[in-house]
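# Observations on the model geometry
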Amino acid sequence: MLLIRHRDVSYDKDIKKRILLNRGIAAAAYKDYLSADLTKVNSPLLLGEEKLKQGLNMLTTHINNNSRILIVVDSDCDGYTSAALLYNYLFNLYPEYSENNIDFYLHPGKEHGLSDCLPIALKYNLVICPDAATNDIEQHKILTDNNVDLLVLDHHEVDVVSPFGCIINSQLTEYPNKDFSGVGVTWQFCRYMDIILNTSYSNNYLDLVALGNIGDMMSMISIETKAVVFEGLKPANIKNPFIYAMSEKQSFSLNKGDYQPSRENGLKFTPMGAAFFIVPFINAVVRSGNPQEKELIFHSMLNDRAYNLIPSTKRGEKGKGIEETLVDQAIRTCVNVKNRQTKAENAGLELLEEQIYSKDMLNKHKVLLFTLEQEEIDKNIAGLVANKLMNKYQRPVAVLLKYGQEYRGSARGYNTDFNFKELCKQHNIAFAAGHAMAFGLGISAQDIEKFQKDIDNDYKGLDGSQYYYIDHCWDTPESIDKQIILDIADMNDYWGKDLDRSLVCVKNIKIIQENLQIMKANTIKINLPNKISLIKFNGTDEEVDIFKNQEVTINVVCKCCINEWGGEVNPQLQMVAYDIIEKKDKILTDLWNF
């Protein structure tokens, strides 16, 4: 049975306005939100002028002294884009210095911050951590005690304010946008440098800012985040070698169906398109790539080396003296690593889903907690698998691996009414570090059983049922407003974190032979009035059999799409879920019609 909830926050006749109001855009800010551009970006001074001044003085002093700088590249899309933005910006200002004196540290696995790189970091004069390390106070002290300066440019929640180094973090100041990722903070630091040094390079990297915010799932309700993402995805601003090349490689997927840019904003691709067809390739390399593959992909984001010619690794060309650009090799490598990761991910999902059903976890627990041996699943995909299970079963998930007397791994929250990380921290755990709904979790082996009981109790009021939240409903197919479908379908640019794709409902659709088509790959097409089509892709054999051989009436939840064919544009509804509310066997009916 379909479980439908009307959003019903706003009944505004303007469907676009209604959808945005229903997702938390204030009525007074609606017009500003739609028109938001770089004039809506906050001043970098709101990050704390004293800290910005300290950070800039620290950086320029080391550059003037010809010191050695290490940039620690955090292990996700936001980390890669943050580090790439900072280096590209510094290369604009100080090309020779940057090329000869700045090095990078890429974590071997999915590590974050300074915990695994101190022996290397101690060899440098200045260590810069974009998008990480705010809470690594122990490492901050060690660096300081060894006369190594530290500059952190971060956005993560702060446990304890560090007295060491220069920590610039949007969570520590009056900076109004707490939904701006590490690359956003790094960009604002570069904007501050532009102001002080009377230069104008920071806006050359808006595509990196956009991709980092999308990759870190920052809320698109924020006017600033929306403005920077939209500006960064305009064709004229897609300048980064990796982002441009990957968008060309994925151009077919980025420009069709659910991911096709709308006609009014002029984006090269949508935030959701980037989230599905660009970000996962970076994350795949971060999680499953070897050190050489990680370095290759990161270097393809650096303007001073992305187009360098290197020996080709293409099949049939390797070892024959044939060359290709570094970025071309990086794109092909991304695809290969992603395929490799998908195999490991599928194996992990199969293992954990077998446990879900064999241990009756869905009935016994509100939180799906898995405790595994290290060889059972690749630690670098634990978070990815946890995320897939969270989305499928609509409840919090933790995938933990055993390290001695402790289980450590990744946790994902489901219901934003419950801050999963804070709930975990209320119990006897070793650590919980990261975002509120996506974080690393560690628990002593002896406390696992009690933790499971306690956290289940925290979530005892959580309804695990799957609900479909709709913005509009028609009682009959004859009452459907074509323009509403077209208007919603033209909002693809807006979907993202906290701005989920709009769903609509149509009731009492009678499926008869005259309005039904079964096409290739079990695509079910129902022709509705006013040239509106209702499509279900990849129907099951059972569904096809029911629709062909029985007269049924259904209620359906749909996505709104545009069908362009032969130069004609028509609204299309794409089936998400349906209920059969009436069924009539055609064969029996025919027997009585003699």
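None of these values were measured; they are calculated from a predicted model. Along each chain, numbering runs from 1 in the same order as the chain's sequence is written. Local features are withheld for residues below a pLDDT of 70 in this predicted model, meaning they are given only at 70 or higher, and side-chain atom pairs are given and counted only at 80 or more; totals for whole chains, interfaces and linings count all residues. Excluded from the side-chain calculation are hydrogens and water; included are all heavy atoms of the structure.

Our next topic: the sheet that holds strand β12 (residues 431-434). Between any two strands, at least two bridges found by DSSP are needed for them to pair. For helices the rule is a DSSP run of H or I covering at least 4 residues; for strands it is a run of E covering at least 2, with both sets numbered from the N terminus onward. Strand order in this open sheet of five strands is β9-β10-β11-β13-β12, and the pairing throughout is mixed. Looking at strand neighbours, the two that pair on one side only are β9 (368-372) and β12, the edges of this open sheet. Between one strand axis and the next, the sheet turns through 20° on average, direction left out of account. Two strands pair when backbone bridges link them, and β12 and strand β13 (residues 438-444) are joined in this way by four bridges, in the antiparallel orientation. The residue bridging Gly434 from the neighbouring strand is Phe439, located in β13. A fitted line through C-alpha atoms represents every axis, and for helices the fit uses only the stretch in contact; the resulting angles, taken between N-to-C directions, go from 0 to 180 degrees.

As a further point, take the confidence of the model for the protein. The score called pLDDT rates the predictor's confidence residue by residue, from a low of 0 to a high of 100. Residues of the protein with pLDDT of at least 70 account for 96%, and the chain-wide mean is 92. The contact criterion used throughout is that any non-hydrogen atoms of two residues lie within 4.5 Å. Long-range and interchain partners of residues 587-594, a stretch whose pLDDT sits below 50, account for two contacts in this model, where long-range means more than four residues apart.

By convention here, two paired aromatic rings are described through the distance between centres and the angle between planes. Only centres within 6.5 Å qualify two rings of Phe, Tyr or Trp (six-membered ring in Trp) as a pair; their planes then separate them into stacked at under 30 degrees, edge-to-face at over 60, and tilted for everything else. Under the criterion given, the structure shown has 15 aromatic pairs. Relative to Phe104, the ring of Tyr87 lies with its centre 5.2 Å away and its plane at 70°, an arrangement referred to as edge-to-face. Of this pair, Tyr87 sits in helix α4 (residues 77-93) while Phe104 sits in strand β3 (residues 102-106), and the two are 17 residues apart along the sequence. For the pair Tyr87 and Phe104, a shared accessibility class is recorded, and that class is buried. Ring centres of Phe230 and Tyr494 lie 5.4 Å apart, and the angle between their planes is 50°; on these two criteria the pair is classed as tilted. One end of the pair, Phe230, is in helix α10 (residues 223-232); the other, Tyr494, is in the loop between α21 (482-489) and β16 (504-511), and 264 residues separate them in sequence. Each member of the pair, Phe230 together with Tyr494, is buried. Burial status follows relative accessibility: with a 1.4 Å probe on protein chains alone, a residue under 20% of its type maximum counts as buried, one over 50% as exposed, and anything between as partly exposed.

Look at helix α11 (residues 241-249) against helix α16 (residues 326-358): their axes get within 10 Å of each other, and the N-to-C directions meet at 55°. One way to sum up the angle between α11 and α16 is to call them oblique. Both α11 and α16 take part in a crossing whose hand is right-handed. Contacts from Pro241, Phe242, Ala245, Met246 and Lys249 in α11 reach Val327, Ile331, Cys334 and Val335 in α16. Along the lines of polarity and charge, the residues of the contact of α11 with α16 split into eight nonpolar, no polar and one charged. Should an angle lie under 35 degrees it is considered roughly parallel, over 145 roughly antiparallel, and from 65 to 115 roughly perpendicular; all remaining angles are considered oblique. Note on convention: the crossing is left-handed when the near helix lies turned anticlockwise from the far helix by less than a right angle, right-handed when the turn is clockwise. Note on residue classes: Ala, Val, Leu, Ile, Met, Phe, Trp, Tyr, Cys and Pro are nonpolar, Asp, Glu, Lys and Arg are charged, and everything else, Gly too, is polar.

Once that is clear, we can look at the pairing of strand β18 (residues 523-528). A regular strand places its side chains so that they alternate between the two faces of the sheet. As judged from the four bridges shared by strand β17 (residues 516-519) and β18, these two strands associate in the antiparallel manner. Residue pairing for β18: Ile518 is matched across the bridge by Ile524. If you look at the hairpin formed by β17 and β18, you'll find three residues sitting between the two strands, and Ala521 has a positive phi there, around 55°. Note that β18 and strand β19 (residues 532-536) share five bridges and pair antiparallel. Across the sheet, Lys525 pairs through a bridge with Ile535, a residue of β19.

The next point concerns the nonpolar core. Counting 118 residues, the largest nonpolar core has Leu534 and Leu573 as the members making the most contacts within it. Each residue touching Leu534, except ones within four places of it in the same chain, is listed here: Ile509, Ile524, Lys525, Ile526, Leu528, Ile554, Val556, Cys558, Leu573 and Met575. Buried Ala, Val, Leu, Ile, Met, Phe, Trp, Tyr and Cys residues form a nonpolar core when they are joined through side-chain atoms within 4.5 Å.

Right, let's talk about the sheet that holds strand β2 (residues 69-73) for a bit. The strand order across the open sheet formed by five strands is β3-β2-β4-β5-β6, and the pairing between neighbours is parallel. In the strand order of this sheet, the two ends are held by β3 and β6 (166-169), each with one partner. Sheet twist, expressed as the average angle between the axes of neighbouring strands with direction ignored, equals 15°. The pairing of strand β4 (residues 126-130) with strand β5 (residues 149-154) spans five bridges and is classified as parallel. Along β5, the bridge assignment pairs Ile128 with Leu151.

Moving on, we get to the pattern of salt bridges. What makes a salt bridge here is a side-chain nitrogen of Lys or Arg within 4 Å of a carboxyl oxygen of Asp or Glu, nothing more. Taken as a whole, this structure holds 22 salt bridges when the rule is applied. Across the pair Asp471 and Arg23 runs a salt bridge, and its minimum N-O distance is 2.7 Å. Of the two residues, Asp471 sits in the loop between β14 (468-470) and β15 (472-474) while Arg23 sits in the loop between α1 (15-22) and α2 (30-35), which places them 448 residues apart along the sequence. Across the pair, Arg23 and Asp471 agree in class, each one buried. One salt bridge in this structure joins Glu345 and Lys388, with 2.1 Å as the shortest N-O distance. Separated by 43 residues along the polypeptide, Glu345 in helix α16 and Lys388 in helix α18 (residues 382-393) bring together distant segments of the chain. In the salt-bridge network here, residues are joined through shared partners; they are Arg23, Asp471 and Asp500.

We now examine the environment of His299. Turning to its location among the elements, His299 is positioned in helix α15 (residues 291-299). Overall, His299 belongs to the buried group, its relative accessible area being 15%. Other than its neighbours up to four places away in sequence, His299 contacts Phe104, Arg305, Ala306 and Leu326.

The next thing to look at is unusual backbone geometry. It is generally the case that most residues other than glycine have a negative phi and that most peptide bonds are trans. A positive phi is found at Asn147, a non-glycine position, where the angle reads about 60°. Among the structural elements, Asn147 can be located in the loop between α7 (137-145) and β5. Of note in this structure, Lys531 is not a glycine but carries a positive phi near 60°.

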